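# Residue-level structure breakdown
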Amino acid sequence: INPTSITIITLSIIMGTIMTMSSSNWLMAWIGLELNMLAILPIISKPKTTRASEATIKYFLTQAIASAMMLLSSTTNAWQTGSWDILELKNKFSTTIMTLSLMMKMGAAPIHFWLPEVLQGTTLQTALLITTWQKLAPISLMYMISNNIQPALLMSAGILSMIVGGLGGINQTQLRKTMAYSSINNLGWTIMIMALSPNLAVMNIFIYMIMTTPIFLMMTSTSTKTLQNLTTTWTTSTATTLSIALLMLSTSGLPPFTGFLPKMLALNELITQKLTTLATLAIMTSLASLLFYLRITYLIMVLTSP
């Protein structure tokens, strides 16, 4: 891609997200999301492979359906209440459809099927962009309407995402798919706690982004794409490999690391609200995701490469 195109695309991605995050009107938020989606398509399809083209189409279709649902929801709401204001989403039907469309945009379960496939078909840098930056706009919209969403919907979607993220990542050998399931698992925590404490949800997603970014960057620098590649990186760059291992453990939410903090606060919030069963379920699903993170770190730190 030539420099002019890259500049336009980058600006569009940044502008789209900022536009959505700063708008108070559903139409402007929708335009921002569309701008963002159209700008990232050429980036996903840049590698001239069939996998990349397939990933681009999958991404485009899911995002387009989610945008259509978003328009349906905001139009229905404007029809009922006479307001296009984001904070005025009072209609129950509209709120449910809007929540589902935002979950689809982020890749939360049960509408997560596109995420692992799309990440597997793109480069590591694009995968990083999709798992971090592309989630900011939908999450900011969800944060704005969190008071109107039924807590049961958010919590069930959150728990489902945790289960899918934990169990889906166990049988993966491709690191991009593993990171996709890790992203779904983390989104589960974010969505679940959004019902009780939206600020905590924002903190959770930011800490996740801070931990995921260096993992992807180091995987790019060592061109690691599978678990098998990981076993041989030790010989080329020891510090990088060790950092990946520690960051993986942090993302899994193992106690001494940073990733444990948002999970602990979330569990604390759940127990304060007398939702002990939900907290127990959340811990159990965390153990499933811990399993594949531990396998990765075990491969990196314990096994010596041939």
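Remember, it's a predicted structure, so these values are computed and weren't measured experimentally.

## Describing the environment of Y59
- Summarising the element assignment, Y59 is placed in helix α3 (residues 50-81).
- Ignoring any residue separated from it by four or fewer positions in sequence, one finds Y59 in contact with M37, I40, L41, I44, W114, V118, I130 and Q134.

## Brief notes about empty space enclosed by the protein
- All chains considered together, the criterion is met by 4 cavities of 30 Å³ or more.
- Volume-wise, the largest cavity comes out at about 70 Å³.
- As for the largest cavity, its lining consists of L33, N36, M37, Y59, Q63, K105, Q134, A137 and P138.
- Residues belonging to the lining of the largest cavity are distributed by class as follows: 5 nonpolar, 3 polar and 1 charged.

## Considerations on the layout of surface pockets
- What the largest pocket holds in volume is close to 310 Å³.
- Lining the largest pocket are I1, I6, I9, T10, I13, I14, I43, K46, T123, Q125, T126 and L129.
- Those elements giving two or more residues to the lining of the largest pocket turn out to be α1 (3-22) and α6 (124-131).
- For the lining of the largest pocket, the element with the highest residue contribution is α1, accounting for 5 residues.
- For the lining of the largest pocket, the per-class residue count stands at 7 nonpolar, 4 polar and 1 charged.
- Taken as a whole, the second largest pocket encloses approximately 210 Å³ of empty space.
- If you go around the second largest pocket, the residues you meet are W189, S252, G253, L254, P255, F260, K263, L267, I283, S286, L287 and L290.
- Going through the elements one at a time, α13 (260-272) and α14 (276-301) are the ones with two or more residues in the lining of the second largest pocket.
- In terms of residue count, the dominant contributor to the lining of the second largest pocket is α14 (4 residues).
- Tallied by class, the residues present in the lining of the second largest pocket amount to 8 nonpolar, 3 polar and 1 charged.

## Some words on the side chain of T178
- For T178, the position within the fold is in helix α9 (residues 175-194).
- If we ignore the near neighbours within four places in the chain, the residues touching T178 are Q172, F292 and I296.

## Things to note about a nonpolar patch on the surface
- A grouping of W234, L242, L246, Y298, M301 and V302 is seen on the molecular surface, where their side chains present a nonpolar patch of about 530 Å² in accessible area.
- At the level of secondary structure, the elements contributing two or more residues to the nonpolar patch comprise α12 (238-252) and α14.
- Examined against the element boundaries, V302 turns out to sit in the segment after α14.

## Section: the domain arrangement of the chain
- Per the domain assignment, the segments of the chain are domain 1 (1-139) and domain 2 (150-305).
- A C-alpha centroid distance of 23 Å is found between domain 1 and domain 2.
- A buried area of about 2,500 Å², summed over both sides, lies between domain 1 and domain 2, and 78% of it is on carbon and sulfur atoms.
- It is Q120, L124 and I139 that lose the most area in domain 1 upon contact with domain 2, and together they represent 27% of the buried surface on that side.
- Remark: the boundary between domain 1 and domain 2 carries 1 salt bridge.
- When the shortest N-O distance is used, the salt bridge between E117 and K177 registers 3.7 Å.
- Viewed at the interface, domain 2 and domain 1 are joined by 5 residue pairs in polar contact (both at pLDDT 80 or more).
- Tallied by class, the residues present in the side of domain 1 that touches domain 2 amount to 13 nonpolar, 10 polar and 3 charged.

## Things to note about the pattern of salt bridges
- Overall, the coordinates contain 3 salt bridges when judged by the stated rule.
- For the salt bridge of E54 with K58, the shortest nitrogen-to-oxygen distance reads 2.8 Å. Here E54 and its partner K58 are both found in helix α3, 4 residues apart, which amounts to about one turn of the helix.
- Overall, the relative accessible area of 37% leaves E54 in the partly exposed class.
- The partly exposed category is assigned to K58, whose relative accessible area is 28%.
- Here the residues in one salt-bridge network are E54, K58, E117 and K177, joined through shared partners.

## Focus: the packing of helix α5 (residues 114-121) against α6
- It is the contact of α5 with α6, at a shortest axis distance of 8 Å, that shows an interaxial angle of 150°. In this view, α5 runs roughly antiparallel relative to α6, as classed from their interaxial angle. Contacts between α5 and α6 involve W114, L115, V118 and L119 from the former and A127, I130 and T131 from the latter.
- Partitioned by chemical class, the residues of the contact of α5 with α6 number 6 nonpolar, 1 polar and no charged.

Parameters at a glance
- Residues numbered from 1 in each chain as written.
- Predicted model: local features only at pLDDT ≥ 70, side-chain atom pairs only at ≥ 80, totals over all residues.
- Heavy atoms only, no water.
- Helix = DSSP H or I, 4+ residues; strand = E, 2+ residues; numbered from the N terminus.
- Contact = heavy atoms within 4.5 Å.
- 1 Å grid on protein atoms, 1.4 Å probe; cavity = no way out; pocket = protein on both sides within 12 Å on 5 of 7 lines; lining within 4 Å.
- Points joined across faces, edges and corners; volume = space filled by probe spheres on them.
- Nonpolar A, V, L, I, M, F, W, Y, C, P; charged D, E, K, R; others polar.
- Patch = residues over 30% accessible without salt bridge, like charges linked within 9 Å, V, L, I, M, F, W, Y side chains within 5 Å.
- Areas by Shrake-Rupley, 256 points an atom, 1.4 Å probe, with all protein chains shown as cover.
- Salt bridge = Lys/Arg side-chain N within 4 Å of Asp/Glu carboxyl O.
- Domains from an automatic or database assignment.
- Buried area = accessible area lost by both parts, 1.4 Å probe.
- Polar contact = N/O pair within 3.5 Å; in protein donor to acceptor, adjacent residues only side chain to side chain.
- Buried < 20%, exposed > 50% of the residue type's maximum accessible area, 1.4 Å probe, protein only.
- Axes fitted to C-alpha atoms, helices over the stretch in contact; angles between N-to-C directions.
- Parallel < 35°, antiparallel > 145°, perpendicular 65-115°, else oblique.

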